[in-house]
Amino acid sequence: MKKVIHKHPLAIRWLHWLNFPILTIMIWSGLLIYWANDVYRLGWGDRTVLKFFPGSFNKALNIPFRLAEGMSIHFVFMWLFAINGVIYFLYLVFSGEWKFIAPNRNSLKESWLVILHDLRIKRGLPPQKKYNAAQRIAYTAVIIMGLGMLLTGLAIYKPVQLNWLCAMFGGYEWARAEHFTITILLVLFFLIHIIQVIFAGWNNFRAMVTGFETENIDAKTETAMPTEPINTKSETDEQA
Amino acid sequence: MNKREELLTEKQIRRRTFIAFTFLFLFLGSAILGWQWLHRQPTDHGAIQPLRKVLDANEFIFSSLFSKKHFAKTYSKDLPLPHPRVNGKIGLNSAFDTATWKLHLVKAPGDTLLIGIDEIKALPKTEIIFDFKCIEGWSQVTHWGGVRFSDFVKKYGLDEQSKMMFAGLSTPDDEYYVGIDTKSMMHPQTILCYEMNGKPLPLNQGYPLRLIIPVKYGIKHLKRIGTISFSNYRPPDYWYERGYDYYSGL
């Protein structure tokens, strides 16, 4: 007998997993487009620390000379990305789930404690609800990045008809650079996300699939339970 | 708190876990199968057919944003400008006699008007300095001069033609050709261009006459115009045939 705690609603789980292939396809087709004018780099003056992207990277993934293909994919799957994102956002707002994600007054301070804890520097965590302070900040940031992708994308897609939007992001070239930068940030988020999920373990990961986490109940509570176990009731409910 | 709790046996938990993961794998599996299915579809003008249909739907949706009052941002003449990049030579490689060049204006099948460059230069001149945008992703602020296409239409009595859906332009050797919706052609920033940086166009920029159409990507700015015609059907378009969006509007 275990205590089952329902953590993620069904809608959140579906929208989360739908986003995974959609975002993968958007980033992939984005790479095919970016290659045709691959001007961004990390460095100063003539010194380049990291070119986006090295020739070997492009070659390994067979990226060169696929601009038309990349555009045709990007401008189709953009709809799915946008629709999924809008539904997710509306769900958060109307279900009240946003309360678990939006950072609160203490989040900034507490997120440092979470980081120190995760880096094995400090023991113990402040009490938390569904997400800890660092998660709240990260997940809120990722929603804002999604919105940023949508808007900078629109700005470079229709820079004349939506010239006000393009101007808002500092003009066409800035908007393109921002669109690219957010992509890199999303990829970094994804990498940290994966590492954190691995460290958090099976119970946490399973919750994004099944919706629930389980908790062992100690012997004391178990003996204190009524002779008629609760689970028989829930089982019949389920079968009904 | 929004957390529902219940007590379940190990067996029930395993069962629920199994079902949920089955759905996840079915979903991820069908995403992969769907992707593979997409790539098995026939192509339509170089683009995968279902994608091409959405691109055409995008045109329908986003052309509704189009307005003659939406302008490409323009820049002041005082700004130092980069040397305009030469990015396409298709249609410029054939032997070409600049002295005998005339614009072939097809008003109707069998009714072609030949127009010399001096007649075009006699029309009111419009200059534009704007951020030329290539479909590859780069852009450059460049300075062009010529006659507004809408002024040209007025002068040559093309009211009827300009109400048709498309204009088709091609180089004298017909190696390069574009199709453009007449709404974009009639935009006040669209010019039949004969000057770059205040001087006659260089040969590699389309001397004697090219199109400058800031509401489109560079692929539509045809150099060395040979023929202009009108149609209610999409005229052939070089890059459209190679998988790009027909509309390519900005």
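To keep things clear, this report deals only with the structure shown in the data block. (Residues numbered from 1 in each chain as written. Chains lettered and ligands numbered in written order. Predicted model: local features only at pLDDT ≥ 70, side-chain atom pairs only at ≥ 80, totals over all residues. Heavy atoms only, no water.)

**A look at the packing of helix 1 (residues 10-34) of chain A against helix 8 (residues 172-200) of chain A**
Residue and element names in this part refer to chain A. Put simply, the rule is: Under this scheme, a helix contributes an axis fitted over its contacting stretch, all axes are lines through C-alpha atoms, and angles between N-to-C directions fall in the 0 to 180 degree range. Comment: elements are numbered from the N terminus, with helices defined as DSSP H or I runs of at least four residues and strands as E runs of at least two. In these notes the angle categories are as follows: under 35 degrees is roughly parallel, over 145 is roughly antiparallel, 65 to 115 is roughly perpendicular, and the rest is oblique. Working rule for handedness: look at the near helix, and if it is turned counterclockwise from the far one by less than a right angle, call the crossing left-handed; if clockwise, right-handed. By definition in these notes, contact holds between two residues if any of their heavy atoms fall within 4.5 Å.
The interhelical angle for the contact between helix 1 and helix 8, taken along N-to-C directions, is 135°, at an axis separation of 12 Å. Viewed along their axes, helix 1 and helix 8 adopt a mutual orientation that is oblique. Judged by the twist between their axes, the crossing of helix 1 over helix 8 is left-handed. Residues His-16, Phe-20, Leu-23, Ile-27 and Tyr-34 of helix 1 touch helix 8, and the partners they reach there are Arg-176, Phe-180, Thr-183, Leu-186, Val-187, Phe-190 and His-193.

**Some words on the sheet that holds strand 4 (residues 103-108) of chain B**
Residues and elements named next belong to chain B. Put simply, the rule reads: Note on pairing: DSSP must find at least two bridges between two strands before they are called paired.
Spatially, the 5 strands line up as an open sheet ordered 5-4-13-8-9, and their pairing is mixed. Each edge of the open sheet is held by one strand with a lone partner, namely strand 5 (111-115) and strand 9 (177-181). Strand-to-strand twist across the sheet, computed as the mean angle between neighbouring axes with direction ignored, equals 20°. Across 5 bridges, strand 4 lies against strand 5 in antiparallel orientation. Bridge assignment links Leu-105 to a residue of strand 5, and that residue is Leu-113.

**Here's the deal with empty space enclosed by the protein**
Short version of the rule: Points on a 1 Å grid, built from protein atoms alone, make a cavity when a 1.4 Å probe fits but cannot get out and make a pocket when they are open with protein on both sides within 12 Å along at least 5 of 7 lines; residues with an atom within 4 Å of a point are the lining residues. Grid points are joined across faces, edges and corners, and a volume is the space filled by probe spheres set on the points. Amino acids outside the nonpolar list (Ala, Val, Leu, Ile, Met, Phe, Trp, Tyr, Cys, Pro) and the charged list (Asp, Glu, Lys, Arg) are all regarded as polar, and Gly is one of them.
Taken as a whole and assessed by the stated rule, the structure comprises 3 cavities of 30 Å³ or more. Met-71, Phe-75 and Tyr-157 of chain A together with Tyr-217 and Asp-245 of chain B are, among the 13 residues lining the largest cavity, the residues nearest its centre. If you list the elements that add at least two residues to the lining of the largest cavity, you get helix 3 (67-95) of chain A together with helix 2 (49-62) of chain B. Sorting elements by how many residues they give to the lining of the largest cavity places helix 3 of chain A first, with 3 residues. Looking at the lining of the largest cavity residue by residue, the classes come out as 7 nonpolar, 4 polar and 2 charged. The calculated volume of the second largest cavity comes to roughly 40 Å³.

**Things to note about the layout of surface pockets**
By volume, the second largest pocket is sized at about 730 Å³. Lining the second largest pocket are 38 residues; nearest its centre among them are Asn-87, Cys-134, Glu-136, Ile-219 and Trp-239 of chain B. Mapped by element, the contributors of at least two residues to the lining of the second largest pocket are helix 3 of chain A together with strand 3 (47-48) and strand 7 (139-148) of chain B. Considering each element in turn, the lining of the second largest pocket owes the most residues, 4 residues, to helix 3 of chain A. In terms of residue class, the lining of the second largest pocket is made up of 21 nonpolar, 10 polar and 7 charged.

**What to know about the environment of Phe-62 of chain B**
Position of Phe-62 of chain B among the secondary structure elements: in helix 2. Between the C-alpha atom of Phe-62 of chain B and that of Ile-32 of chain B, which follows or precedes it by 30 residues, the distance is 30 Å. In contact with Phe-62 of chain B, other than residues within four places in its own chain, are Met-78, Trp-79, Leu-154, Tyr-157 and Lys-158 of chain A.

**Some details on a nonpolar patch on the surface**
To be explicit about the condition: Residues with no salt bridge and a relative accessible area higher than 30% make up the patches, which join like charges within 9 Å and nonpolar side chains (Val, Leu, Ile, Met, Phe, Trp, Tyr) within 5 Å. Surface accessibility in these figures is a Shrake-Rupley result with a 1.4 Å probe; residues are shielded only by whichever protein chains are displayed. Put simply, a salt bridge is a Lys or Arg side-chain nitrogen that is within 4 Å of an Asp or Glu carboxyl oxygen.
Nonpolar side chains collect at one region of the surface, where Phe-20, Leu-185, Val-187, Leu-188, Phe-190, Leu-191, Ile-194 and Ile-198 of chain A lie side by side and expose about 680 Å² of accessible area between them. Counting residues per element, the nonpolar patch draws most heavily on helix 8 of chain A, at 7 residues.

**Re the sheet that holds strand 1 (residues 4-8) of chain B**
Read across the open sheet, the 3 strands follow the order 4(A)-1(A)-1(B); overall the sheet is antiparallel. With partners counted over all chains shown, the strands left at the sheet margins are strand 4 (212-216) of chain A together with strand 1 of chain B, one partner each. Strand-to-strand, the axes of this sheet are offset by a mean angle of 30°, without reference to chain direction. Note that strand 1 (residues 2-6) of chain A and strand 1 of chain B share 5 bridges and pair antiparallel.

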